[in-house]
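Breakdown of the fold
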Amino acid sequence: MNSDLVKRKIVIFYHDSDGNRDIRESDYKHFYRPLNLMVKPIPMLKLEPVSCPAREWLFDKLRDLTGPDEEADELYLHFSGHGQSEGIPYGDWVVSNQDFADMVRHPKVKSCYFSSCQSGDLVRLVNENSIPVVIGTAGPNDIENRYAIDFQLAFYEGLIHCRSFDSAFSQARVLTKSKHGKEVPANVFVRGEGALDDIAEVHVNALQIVFHAPKYAEAHLIPPTFLDELRNISDGKPAILAYSDDPVRAAEFEGAFKESGWQQYMHLVHIPEGEVGKINDRGDMDPFQLQNIFLLLLLSHQHLLPEELRTHLANHENWGQEQYRIFCAHKDGIDLASAFDSHSIRQKFDSGHIFSFHDNPGELLDNQEFERLLHEQEIELSLRKKITLGFEVRPNREEMAVVYDMHKIACVFFAKNENEKLVNFLVNWIREKDELKFPVVVIDNQYDADLEFMSSLKKEIVPLTKKEQNLNLQFIDLLRPGCIMIFRYWEEELEPWQDFISEVLDAVSITSSIITEKEKPQSSAIFFLSNFSPDELQLPGNVKVERFSKPTPVNDEILETWRSEFSPLKFNPKVSQMVQAVSAEIDPNRFSDCCPSAVIEFVCEKFRIPAKQIVGL
């Protein structure tokens with residue numbers, strides 16, 4: 001359904017009793033009135049205050065909101081007033097937490113905000129009833145009234161300005177802290193879909209937002225249009241504005257875009273089917289005039305493009321903008337003239353602006369010509385890698401640690417995830433120096449928290465060794481010619497990671513005892529990246545962790561050596577000019593204490609080399 005046609009309503013419930021008069025009056029003045037001014041210009045969003053002097057009034061209103069006569073498609077419920085652990089007090093009686101949770105259980109209800117103290121149990125019960133987003137407080141102490149009001153106003157303001165629930169909650173924390181000079185602790189809980197387990201232990205005086213499933217953290221009250229997303233880009237990076245005639249192919253392209261690391265240097269924004277018309281009606285704040293945008297048409301079927309897109313492509317002005325480029329990528333066999341219903345539109349595309357893919361549009365990201373056009377680089381990616389790898393540095397003791405086996409057949413490195421670029425630099429340096437036979441083995445649970453490292457390792461090794469055998473024997477076949485392995489672990493739980501590391505180290509140790517020094521195999525490198533430092537790991541007693549010695553800081557001599565490697569005598573003058581320009585921006589004093597990962601990240605950033613690309617994956 002087009003998001004512009006979805007009717008939404010925020011309903012604010014006030015406990016209309018003497019005990020709540022102070023909260024109601026302050027809340028109405030400082031929260032409802034300014035919020036109402038924000039909501040009025042939004043056609044498909046309504047704001048309704050409801051006074052409930054008795055329990056029956058509350059229940060009747062909740063019943064009416066979820067009944068057949070209610071016009072709103074989505075309901076966002078806000079309850080303001082005093083609270084207690086057993087439920088919501090109304091004078092001499094209490095609406096129990098369970099009764100409340102049962103009354104708001106309805107597909108139309110998308111969020112519940114309990115602006116009352118001690119609502120931790122209520123939040124848990126409502127969340128278990130499949131309400132996507134629930135907010136409340138936990139603990140026996142009060143949160144100051146004005147703090148609570150300022151926080152909820154900032155929260156809803158963020159939602160109205162197209163922020164996700166998670167983003168709006170985080171922004172409200174920052175804004176309220178800056179206004180009041182203090183911060184109330186806040187917790188963010190994400191539960192599994194349909195989970196019935198208890199929410200983690202709550203803290204005294206804590207605001208908490210609970211998502212019924214991870215996807216709801218990115219849910220919106222007012223979903224941003226693709227124009228909103230483009231306008232909100234503030235980091236100067238260009239954007240790929242993608243239209244696809246197949247949602248499956250669009251998802252494949254987005255997955256490949258993230259996996260390859262392109263999001264470090266470009267934004268990807270999709271044009272939803274219901275928003276195609278906005279490409280011609282962009283309003284006063286036209287993002288097409290403010291930044292570099294690439295329109296990418298991903299065509300997977302022999303379908304006629306929407307009329308709005310064909311009108312856009314037929315407009316000569318859209319082809320003459322310096323900061324706006326139009327590309328087309330189609331599946332093999334698609335007749336573009338039929339898709340455009342116009343030979344004149346087809347002729348507008350230069351041959352270099354049309355690409356094809358066999359099945360998955362993610363293939364485009366491996367096309368160097370496609371990459372060159374989008375990044376507007378004057379030199380190809382392989383040469384940019386060579387330049388970056390030419391800057392030879394070493395890690396320091398603060399960034400990495402290493403374990404050697406008795407014959408130094410394998411070097412096992414430990415680093416934190418934040419040092420990814422440094423590790424990738426070292427991986428490439430080792431590959432270039434030793435000309436290793438096997439491709440890099442990478443096992444990463446960033447996108448699959450349930451990934452089992454040991455079984456995944458065996459699956460990766462078997463195709464390389466072409467042998468079904470135990471892990472120790474497989475390691476022997478890998479370590480003799482030399483190999484590189486990278487394992488990345490993102491979870492907070494240490495034990496599974498600890499067990500896996502121990503198994504790998506044991507296999508390396510056994511392999512080292514079997515291979516003799518006379519064989520002189522290539523040195524192999526195994527990298528463990530995680531959120532833990534090596535000091536937190538309990539390594540087997542037969543290994544010893546050594547820190548790298550601190551390297552020579554980046555100095556003028558190192559910079560001059562790097563520049564001379566890419567002098568005009570050896571390379572195209574444009575290449576030399578780029579190296580000279582980047583070199584001039586490196587201040588040795590700046591990198592004397594944080595060398596080398598900081599300078600490597602700087603050089604990678606300048607040459608637009610994502611971490612995944614520098615490894616060559």
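Reading guide: rules and limits
Here the residue numbering is sequential within each chain, running from 1 through the sequence in written order. At least 70 in pLDDT is required for a residue's local features to be given in this predicted model, at least 80 for side-chain atom pairs to be given and counted, and no such filter applies to totals for whole chains, interfaces and linings, which use all residues. Just so you know, side-chain values use all the structure's heavy atoms and leave hydrogens and water out. Confidence scores here are pLDDT values: one per residue, from the predictor, ranging 0 to 100. Put simply, DSSP marks the helices as runs of H or I at least four residues long and the strands as runs of E at least two long, and each gets a number from the N terminus on. Throughout, a contact is declared for two residues whenever any of their heavy atoms are within 4.5 Å. To obtain each axis, a line is fitted to C-alpha atoms, and for helices this fit is confined to the stretch in contact; angles are then taken between N-to-C directions over 0 to 180 degrees. In this scheme, roughly parallel covers angles under 35 degrees and roughly antiparallel covers those over 145, while 65 to 115 is roughly perpendicular and the rest are oblique. Left-handed describes a crossing whose near helix is turned anticlockwise from the far helix by less than a right angle; the clockwise case is right-handed. Note on residue classes: Ala, Val, Leu, Ile, Met, Phe, Trp, Tyr, Cys and Pro are nonpolar, Asp, Glu, Lys and Arg are charged, and everything else, Gly too, is polar. In plain words, nonpolar cores are sets of buried Ala, Val, Leu, Ile, Met, Phe, Trp, Tyr and Cys residues tied together by side-chain atoms within 4.5 Å. The buried label applies to any residue whose accessible area, calculated with a 1.4 Å probe on protein chains only, is under 20% of its type's maximum; exposed applies above 50%, and partly exposed to all values in between. Between any two strands, pairing holds if DSSP finds at least two bridges.

A few points about the confidence of the model for the chain
Per-residue confidence for the chain gives a mean pLDDT of 79; residues scoring 70 or more make up 81%. In the model of the chain, helix α21 (residues 611–615) stands out as the element of lowest mean pLDDT, 45, in contrast to strand β10 (residues 239–244), which has the highest, 93. pLDDT under 50 marks residues 191–204. Its contacts with residues more than four places away, or in other chains, come to 37 contacts. Confidence over residues 611–617 falls short of pLDDT 50; this stretch has 27 contacts with residues more than four positions distant or in other chains.

Comments concerning the packing of helix α5 (residues 145–160) against helix α6 (residues 165–180)
Here α5 crosses α6 at 140°, and the two axes come no closer than 8 Å. Judged by the inter-axis angle, α5 sits oblique to α6. In this structure, the crossing between α5 and α6 has a hand that is right-handed. Between α5 and α6, the contacting residues are R146, Y147, D150, F151, A154, F155, G158 and L159 on the first element and F165, A168, F169, Q171, A172, R173, L175, T176, K179 and H180 on the second. Class assignment for the residues of the contact of α5 with α6 results in ten nonpolar, four polar and four charged.

Some thoughts on the nonpolar core
Formed by 38 residues in total, the largest nonpolar core has its most connected members in L35 and F155. Elements with a minimum of two residues in this core: β1 (8–15), α1 (21–39), β2 (45–52), β7 (133–138), α5, α6 and β9 (206–211). Considering each element in turn, this core owes the most residues, nine residues, to α5.

Concerning the sheet that holds strand β13 (residues 324–331)
The five strands are arranged β11-β10-β12-β13-β14 in an open sheet whose pairing can be described as parallel. Lying at the two open borders of the sheet, with one neighbouring strand each, are β11 (267–270) and β14 (354–357). Within this sheet the neighbouring strands show an average axis-to-axis angle of 25°, counted without direction. Helix α8 (residues 247–260) contacts β10, β11, β12 (293–299) and β13 of the sheet and is inclined by roughly 170° relative to β11. Packing of helix α9 (residues 307–314) onto the sheet brings it into contact with β10, β12 and β13, and relative to β12 it is tilted by some 130°.

A few points about the environment of L464
Within the secondary structure, L464 is located in helix α15 (residues 453–465). Each C-alpha atom, one on L464 and one on L478, is 7.9 Å from the other, the two residues being 14 residues apart in sequence. In this view, L464 contacts F438, P439, V441 and L478; residues no more than four positions away in its chain are not counted.

A few points about unusual backbone geometry
One non-glycine residue, C162, lies in positive phi territory at about 75°. Structurally, C162 is set in the loop between α5 and α6. Not every positive phi belongs to a glycine, and D341 is a case in point at roughly 55°. Mapped onto the secondary structure, D341 falls in the loop between α10 (336–340) and α11 (343–348).

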